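# Structural description and commentary
As a plain string of letters, each chain reads:
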Amino acid sequence: MKEEYIVYCDESAKKGKYFGNFYGGAIVNSKQIDKLTSSLNKKKLELNLLGEIKWSKVTESYLEKYIEIMDLFFEYIKKSNIKIRIMFKPICYIANDLTDNQIDNEYYLLYYQFVKWAFGFENCNPLKNKEISVRFYFDKLPNTPNRNNTFIDFVYGLNNVNIFKDNNIYIKRENIAEVNSHNHVILQCMDIILGSINFRLNNFHKEKLPNSRRRGKKTIAKEKLYKHILSRIREIHPNFNIGVSTGLHNMNTWTIPYRHWKFIPSNSTYYRKLTKKQ
């Protein structure tokens, strides 16, 4: 028996005021990808959202349209047709004894941990009766081609990691690629969720207009969309708190439809002065 999964990944905000290193992913069974993509693109067309949808484009005039497309997206999440993973790191935990190379490559090292652990591959094939192939599609990586290709080589190297070997998971080098999110609606929708989490965790909802005590209309619209997304997450996880890792609620890391991972380095020092509550 063979199965194939497509994993879309993106990142946002290397360092925010309180949280940084935001990574997001969506995983879909390849048998469903055409149906899901067609449905989401059809909804975009109905809403006259002809270009790429993304968090940075949320405005008052587009708010209701974005709510509607996210409602459809969350219906697929609730059914686990699309599973979402979000990882972020609080800046108040500073890793100890990092080498210069580790500091320089923090972005990729954390991205690798996200890809390796966030999706629950260790639980994807409990009976070991399937051959599972995975395609990784990364939204355009931000560094030089050489550094990006080195990262892709590390992802390809997951073939040799025990959790992948033990679960009969295979990754072909040509199935790891950088893509343009403009061409992938699932990646676009995931970007909106990722952006909303960054927006709230870093208190961007409190930003005022220059020389004013008032917030801008765009900020208010984004907060409304964030609150709507939060309400949809809480349909899956009652009492969900965006600032902590998600409980599994009798599910495992593979089957859970929506998962947050608050990444804290194992060897780190906590600095209270860098938190919201000082």
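For the structure, check the block above.
My aim in this report is to walk through the structure given alongside it, one point at a time. Predicted model, so just to flag it, every value in this text is computed and none were measured.

One finds Ile82, Ile186 and Tyr258 to be the most contacted residues of the largest nonpolar core, which totals 52 residues. Mapped onto this core, the elements with two or more residues apiece are strand S1 (2–15), strand S2 (19–29), helix H1 (33–46), helix H2 (63–78), strand S3 (83–90), helix H7 (185–201) and helix H8 (217–236). In terms of residue count, the dominant contributor to this core is H7 (11 residues). Cys9, Phe151, Ile169 and Trp261 belong to the second-largest nonpolar core, a separate cluster that totals 35 residues.

On to the side chain of Arg259, then. Tracing the chain through its elements places Arg259 in strand S8 (residues 258–262). Of the side chains bearing the opposite charge, Glu122 lies closest to the buried Arg259, which forms no salt bridge; the N-O distance is 5.3 Å. A polar atom in the side chain of Arg259 sits 3.3 Å from the backbone oxygen of Trp117. With sequence-adjacent residues up to four places away left out, Arg259 is seen in contact with Ile84, Arg85, Ile86, Trp117, Ala118, Thr246 and Thr253.

For the rest of this paragraph, the subject is unusual backbone geometry. A negative phi holds for most residues other than glycine; trans holds for most peptide bonds. Although it is not a glycine, Asn21 adopts a positive phi angle of roughly 50°. Within the secondary structure, Asn21 is located in strand S2. The phi dihedral of Asn48 is positive, around 60°, even though this residue is not glycine. Looking at the secondary structure, you find Asn48 in the loop between H1 and H2. Take Asn48: its relative accessible area is 48%, and that puts it in the partly exposed class.

Before going further, it helps to spend a moment on H2. Structural remark: α-helix, 3.6 residues per turn; residues separated by three or four positions point the same way. Between its first and last C-alpha atoms H2 spans 22 Å; for 16 residues at 1.5 Å apiece the expected length is 22 Å, and the two agree. Every buried residue belonging to H2 is among Leu63, Tyr66, Ile67, Ile69, Met70, Leu72, Phe73, Phe74, Tyr76 and Ile77, and all of these are buried. Structurally, H2 contributes buried residues whose contacts are with H1, S3, H7, H8 and S8. Backbone geometry just after H2 places Ser80 at a positive phi near 65°.

By the element assignment, His237 lies in the loop between H8 and S8. Filtering out sequence-adjacent residues up to four positions away, His237 remains in contact with Thr246, Gly247, His249, Ile256 and Tyr258.

Attention now moves to the pattern of salt bridges. Here the structure, examined in full by the defined rule, presents 14 salt bridges. Residue Glu178 pairs with Lys140 through a salt bridge whose shortest N-O separation is 4.0 Å. Placement of the pair is Glu178 in strand S7 (residues 176–179) and Lys140 in the loop between strand S5 (131–139) and helix H5 (145–156), with a sequence separation of 38 residues. Residue class for Lys140 comes out exposed when judged on its relative accessible area of 58%.

So, how was this worked out
Residue numbers run consecutively from 1 along every chain, following the written order of its sequence. Where local features are concerned, this predicted model is filtered to residues with pLDDT of at least 70; where side-chain atom pairs are given and counted, the filter is 80 or more; whole-chain, interface and lining totals use all residues. Hydrogens and water are ignored here; the side-chain numbers use all heavy atoms of the structure. What we call a nonpolar core is a set of buried Ala, Val, Leu, Ile, Met, Phe, Trp, Tyr and Cys residues that are connected through their side-chain atoms within 4.5 Å. Burial classes follow relative accessibility: with a 1.4 Å probe on protein chains only, a residue under 20% of its type's maximum area counts as buried, one over 50% as exposed, and anything between as partly exposed. In this text, helices come from DSSP runs of H or I with a minimum length of four residues, and strands from runs of E with a minimum of two, each type numbered from the N-terminal end. Lys and Arg are tallied as positive, Asp and Glu as negative. Neither His nor the chain termini are counted. One speaks of a salt bridge when a side-chain nitrogen belonging to Lys or Arg is within 4 Å of a carboxyl oxygen belonging to Asp or Glu. Polar contacts, as counted here, are pairs of nitrogen or oxygen atoms within 3.5 Å of one another; within protein the pair requires one atom able to donate a hydrogen and one able to accept it, and residues that are adjacent in sequence qualify only if both atoms are side-chain atoms. Contact criterion: two residues are considered in contact whenever any of their non-hydrogen atoms come within 4.5 Å of each other. In this analysis, the expected span of each helix is defined as 1.5 Å times one less than the number of residues it contains.

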